[in-house]
Structures are given as C-alpha cells and as structure tokens.
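What follows is the residue order along each chain.
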Amino acid sequence: MSEIDNKYKLLQFPDLGDERGNLVVVEGGMQIPFDIKRIFYIYGSDDSVVRGQHANLKSEFVLINVAGTSKVKVDDGKETGVIELNQPRMGVYLPKMLWKEMYDFSPDSVLLVLSNEHYDGNEYIRDYNEYLKIIGKK
Ligand code: TYD
C-alpha cells in the first residue's frame, strides 16, 4: 500500500434490504464523515469523458456510483491512485486539497456526489500547476 492510499477512504455502506429489494442509507456524520450540505449527480458521461480535474480548498466529497461504474484518479502531487467505483454500496471519501479526476464512465453510470460545502467556484483549483504551487510541490 502506498502513501496515496492513506489520503482517501473507501466506504462500505450497510444494506438494509429485504426480499423487496435493496435499501442503502447514508447519513451525515455517520456513514458519511461530514455534515452534508450539497448533493449533485453526474450521468450521461461515457468512457471518452474526463471530469473533475480539480482540487478544492474547502470541499470534501463522498462519491458513490449508485448505478453503473466509473473510476476516480487521485493525485497528491507526488503519487497517484485509482479507485474503481463498481457497486452501489461502495463510496470513496476524498478530503480537501486532493487533485481528482473521474473517468471511464459506463453508459449507465450515475455518480452521486455528497459534499460538506455549498458550491463556491472560488475554492476550486482547476489548474494543476497552481495546485502544485499551493501544496508546495513546485
Ligand atoms: P464541474 O466542476 O466542471 O463538474 P465536474 O467536476 O463534475 O467535472 O462543474 C460543471 C459546471 O457546473 C460548472 O459551471 C460549475 C457548475 N457547478 C455548480 O454550479 N454547482 C456544483 O455543485 C457543481 C459541482 C458544479
């Protein structure tokens, strides 16, 4: 296991389902390690698309592929890691100040994203060189 694997956290959510089907619950401060202020979801992307490509000064995220699959590449300026989101009970927690990219979306991918912050475009670092400067790697 390399250093980068300590910078994110894989989450496994309990299934409260029964013979009627599956039911997965996530609550802020419980399965999700922050109070949830924002929810958005991404669908209709495919395997030619790369999303994200930013780091955040304040926002933390949990990503869950509630349908389909996608991959998340994380980069701390030193190392990269790849997480495959491939089941609806799995999530990944990404702290602030981690560079991330989402890609390789299956056609049926619905990527649900939870965050601890409301949207503020000013806390997004969208330039990789600027990111490296801010974290002191350049
Ligand atoms: P963008 O950050 O490029 O999405 P992703 O990181 O998934 O590739 O966002 C696309 C547009 O949507 C951009 O104009 C900003 C806007 N946006 C909001 O207004 N609120 C939000 O919570 C998010 C995630 C994006």
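As the structure is a computational prediction, the values presented were derived from the model and not from experiment.

Caption draft 1: Representation of the overall build of the chain in the model. Check the secondary structure of the chain and you find one helix and ten strands. For the chain, the succession of helices and strands along the chain, N to C, is β-β-β-β-β-β-β-β-β-β-α. For 138 residues, the compact-globule formula gives about 14 Å, and the C-alpha radius of gyration of the chain, at 15 Å, lands near that figure. Overall, the C-alpha framework of the chain stretches about 55 × 35 × 35 Å when taken along its three principal axes. Here the chain, with 138 residues, has 38% of them falling under the buried criterion. At a minimum sequence separation of 6, the contacts of the chain that also span at least 24 residues come to 77%. If you sum the accessible surface of the chain, you get close to 7700 Å²; carbon and sulfur atoms cover 48% of it. Side chains of the chain give 17 positive and 22 negative charges; the mean places of these two sets differ by 6 Å.

Caption draft 2: Main features of the sheet that holds strand S5 (residues 70-75). Read from one edge of the open sheet, five strands run S6-S5-S8-S3-S10, paired in antiparallel fashion. Each of the sheet's edge strands pairs with one partner strand only, and the pair in question is strand S6 (80-85) and strand S10 (124-125). For strand S3 (residues 50-56) and S10, the ladder comprises two bridges, and the chain directions are antiparallel. From the neighbouring strand, Asn-56 faces S10, where its bridge partner is Tyr-124.

Caption draft 3: Spotlight on the site of the ligand. Neighbouring the ligand are Arg-38, Phe-40, Ile-42, Arg-51, Gly-52, His-54, Met-102, Tyr-119, Tyr-124 and Arg-126. Taking Arg-126, its side chain carries an N or O atom lying 2.8 Å from an oxygen atom of the ligand. Summarising the interface, the protein chains cover 60% of the accessible area of the ligand, which totals 520 Å² for the free molecule. Each residue belonging to the shell around the ligand can be placed in one class, and the counts come to five nonpolar, two polar and three charged.

Cut-off values and rules
- Residues numbered from 1 in each chain as written.
- Predicted model: local features only at pLDDT ≥ 70, side-chain atom pairs only at ≥ 80, totals over all residues.
- Heavy atoms only, no water.
- Helix = DSSP H or I, 4+ residues; strand = E, 2+ residues; numbered from the N terminus.
- Rg over C-alpha atoms; globule rule 2.2 N^0.38 Å.
- Buried < 20%, exposed > 50% of the residue type's maximum accessible area, 1.4 Å probe, protein only.
- Contact = heavy atoms within 4.5 Å.
- Areas by Shrake-Rupley, 256 points an atom, 1.4 Å probe, with all protein chains shown as cover.
- Lys, Arg positive; Asp, Glu negative; His and termini not counted.
- Charge placed at Lys NZ, Arg CZ, Asp CG, Glu CD.
- Pairing = 2+ DSSP bridges.
- Near = heavy atom within 4 Å.
- Polar contact = N/O pair within 3.5 Å; in protein donor to acceptor, adjacent residues only side chain to side chain.
- Nonpolar A, V, L, I, M, F, W, Y, C, P; charged D, E, K, R; others polar.

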